[in-house]
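Notes for the structure review
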Amino acid sequence: MQGTDNTDQVMADWGLPTPDNHLGLTPDTPDIWACNIPTLTLFMHSLTQVRTSFGGVVGLDYPAVAWVAKVMDIPITPEVLAGLRVCENEMLAAVNKDG
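Residues numbered from 1 in each chain as written. Predicted model: local features only at pLDDT ≥ 70, side-chain atom pairs only at ≥ 80, totals over all residues. Heavy atoms only, no water.

A few words now on helix α2 (residues 37-45). Regarding α2, the residues found buried are Ile37, Thr39, Thr41, Leu42 and Phe43. Each element contacted by the buried residues of α2 is listed here: β2 (56-60), α3 (62-72) and α4 (78-95). (Buried < 20%, exposed > 50% of the residue type's maximum accessible area, 1.4 Å probe, protein only. Helix = DSSP H or I, 4+ residues; strand = E, 2+ residues; numbered from the N terminus. Contact = heavy atoms within 4.5 Å.)

Grouped together as the largest cluster of nonpolar side chains are 11 residues: Leu42, Phe43, Leu60, Val65, Val68, Ala69, Ile74, Val80, Leu84, Met91 and Leu92. Secondary structure elements with two or more residues in this core: α2, α3 and α4. With 4 residues, the top contributor of residues to this core is α4. In contact with Leu60, other than residues within four places in its own chain, are Phe43, Ser46, Gln49, Val50, Arg51, Val65, Leu84, Glu88 and Met91. (Core = buried A, V, L, I, M, F, W, Y, C linked by side-chain atoms within 4.5 Å.)

Of all the positions in α3, only Ala64, Val65, Val68 and Ala69 are classed as buried. Each buried residue of α3 lies within a common arc of 145° when the element is viewed along its axis, so the set occupies one face. The exposed set on the far side of α3, more than 90 degrees from its buried face, consists of Pro63, Trp67, Lys70 and Val71. Summarising the contacts, the buried residues of α3 are in contact with α2, β2 and α4. Phi for Asp73, located one or two positions after α3, is positive at around 60°. (Arc of directions from axis to C-beta.)

Structure (structure tokens):
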């Protein structure tokens, strides 16, 4: 007897990442407005694309972020760029708080 594989649906029901939704984010995700999901998705996938110096993290590497956006098929609109800057500023405040 062969069953059906509903792994993706179960993962989606629990808000976990699936092949079609790498972060498990949906418009129903609490505290995240639907219009911010592309920005948050891009930011989360770009967290390894930061520029550093002797003083610590200085910000996102925007050419690398643009490449990630292309791979993820996320258009960089003025709204997405503004959202990325908000996320970047919060990240910088968190990682550089001791310096």
